[in-house]
Amino acid sequence: MSGVGEKVSGTTKTPADFLKSIRGRPVVVKLNSGVDYRGILTCLDGYMNIAMEQTEEYVNGQLKNKYGDAFIRGNNVLYISTVKRTVADGA
Amino acid sequence: MSGEEDATVREPLDLIRLSLDERIYVKLRSDRELRGKLHQAFDQHLNMILGDVEETITTVEIDDETYEEIVRTTKRTIDYLFVRGDGVILVAPPLRTALG
C-alpha cells in the first residue's frame, strides 16, 4: 500500500503539516485523563501545547465547564481531532 | 495574513503572556484548581509564580449503599506560590460564570 498519508485531505503529509492546517478550526482535544475539550483552535506548537477559544470541557460526556480562552499543556494531550460540525451543535 | 512565514508563528505561550499580571484560573493534576494573579514569572514548562492564590481540591466519594456521589471541596489561600509546570493541565482567564 503506497501513499498511505495521501488519503487525508490531499495536502497533509506529515503531522507537522496537519498541525499547521488545523488552525482556526473546531477541534476536539482529548487528554490523557480522559477529559474532552471542544473549541476553536487558536494555535498550537510542536509540544502540542494548545490555545483554544470558546472551549467546553466534557467529563464522561457531560459538559462541565466553559472557558473563553484556554491553554492546555501539551504533555496532557492524547490527541487533537478536527470536527466537521461547529462546537455549538447540540448545546 | 502571513501564512508563508512560519518562523514567526505565534505559540500558545505567547498568548499566555497576554495574561501576565492578570488573574487566571489554573487546572492542576490531582483534581486541584488555582485562582490567582499571574506575576511576571512563567516559562515554557509552565512553571509560574502566582500571588493571592486560592486553591480548591475536589474529592468525590461514592457511598457504597446509596451510590450517591458526595463531592467535597477543600479550599485554602496562599499569598505567594511557585507552581511547578509539570502539574499544570490547563490555564484560562478566571471563569466569569461558575457552573455547578
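For every chain, the first residue of the written sequence is number 1, and numbering continues from 1 along that sequence. Labels follow written order: the first chain is A, the first ligand is 1, and so on. It should be noted that, the model being predicted, local features are given only for residues of pLDDT at least 70 and side-chain atom pairs only at 80 or more, the latter also being counted only at that level, while totals for whole chains, interfaces and linings use all residues. The side-chain figures draw on all heavy atoms in the structure; neither hydrogens nor water molecules are used.

Draft legend 1. View of a nonpolar patch on the surface. All names here are of chain B. Residues form patches when they are more than 30% accessible in relative terms and have no salt bridge. Like charges link within 9 Å. Nonpolar side chains (Val, Leu, Ile, Met, Phe, Trp, Tyr) link within 5 Å. Reported accessibility uses the Shrake-Rupley method at a 1.4 Å probe radius. Residues are deemed covered only where the shown protein chains occlude them. The term salt bridge refers to a pairing of a side-chain nitrogen on Lys or Arg with a carboxyl oxygen on Asp or Glu at a separation within 4 Å. Residues Val60, Ile62, Tyr67 and Val71 make up a contiguous nonpolar surface patch of about 440 Å² in total accessible area. Note on placement: Tyr67 falls in the loop between strand S3 (48–62) and strand S4 (69–83). A simple rule labels every residue: compare its accessible area, found with a 1.4 Å probe on the protein chains alone, to the largest value its type can have, and call it buried under 20%, exposed over 50%, or partly exposed in between. Using a relative accessible area of 63% as the deciding quantity, one classes Tyr67 as exposed. Here a helix means four or more residues in a row that DSSP labels H or I, a strand means two or more in a row labelled E, and each is numbered from the N terminus.

Draft legend 2. Expanded view of the interface of chain B and chain A. Listed by partner, the interface residues are 22 residues for chain B and 23 residues for chain A. Buried area is a sum: the accessible area each of two parts loses on coming together, probed at 1.4 Å, counted once for each and added. Interface of chain B and chain A: buried area, both sides summed, is about 1,900 Å²; carbon and sulfur atoms make up 61% of it. Along the contact surface separating chain B from chain A lie one salt bridge. Here Glu57(A) and Lys27(B) are joined by a salt bridge, their closest N and O atoms 4.0 Å apart. Pairing of N or O atoms within 3.5 Å defines a polar contact, subject to two protein rules: one partner must be a possible hydrogen donor and the other a possible acceptor, and residues neighboring in sequence count only if both atoms are side-chain atoms. If you look at where chain B meets chain A, you find six residue pairs in polar contact (both at pLDDT 80 or more). Elements supplying a minimum of two residues to the side of chain B that touches chain A: helix H1 (12–17), strand S1 (23–28) and strand S5 (88–92) of chain B. By definition, residues are in contact when any of their heavy atoms lie within 4.5 Å.

Draft legend 3. The sheet that holds strand S4 (residues 62–72) of chain A, seen in detail. We call two strands paired when DSSP finds no fewer than two bridges between them. Spatial ordering of the open sheet is given by S5(A)-S1(A)-S2(A)-S3(A)-S4(A)-S5(B)-S1(B)-S2(B)-S3(B)-S4(B), a layout of 10 strands whose pairing is antiparallel. Sheet topology places strand S5 (77–82) of chain A together with S4 of chain B at the edges, where each strand pairs with a single neighbour. In this sheet, adjacent strand axes meet at a mean angle of 35 degrees when their direction is disregarded. As defined by bridge partners, strand S3 (residues 50–59) of chain A adjoins S4(A) across nine bridges and the pair is classed as antiparallel. Among the inter-strand pairings, Glu53(A) is bridged to a residue of S4(A), identified as Asp69(A). Only the contacting stretch of a helix is used when fitting its axis, a line to C-alpha atoms as for every element, and angles between N-to-C directions run 0 to 180 degrees.

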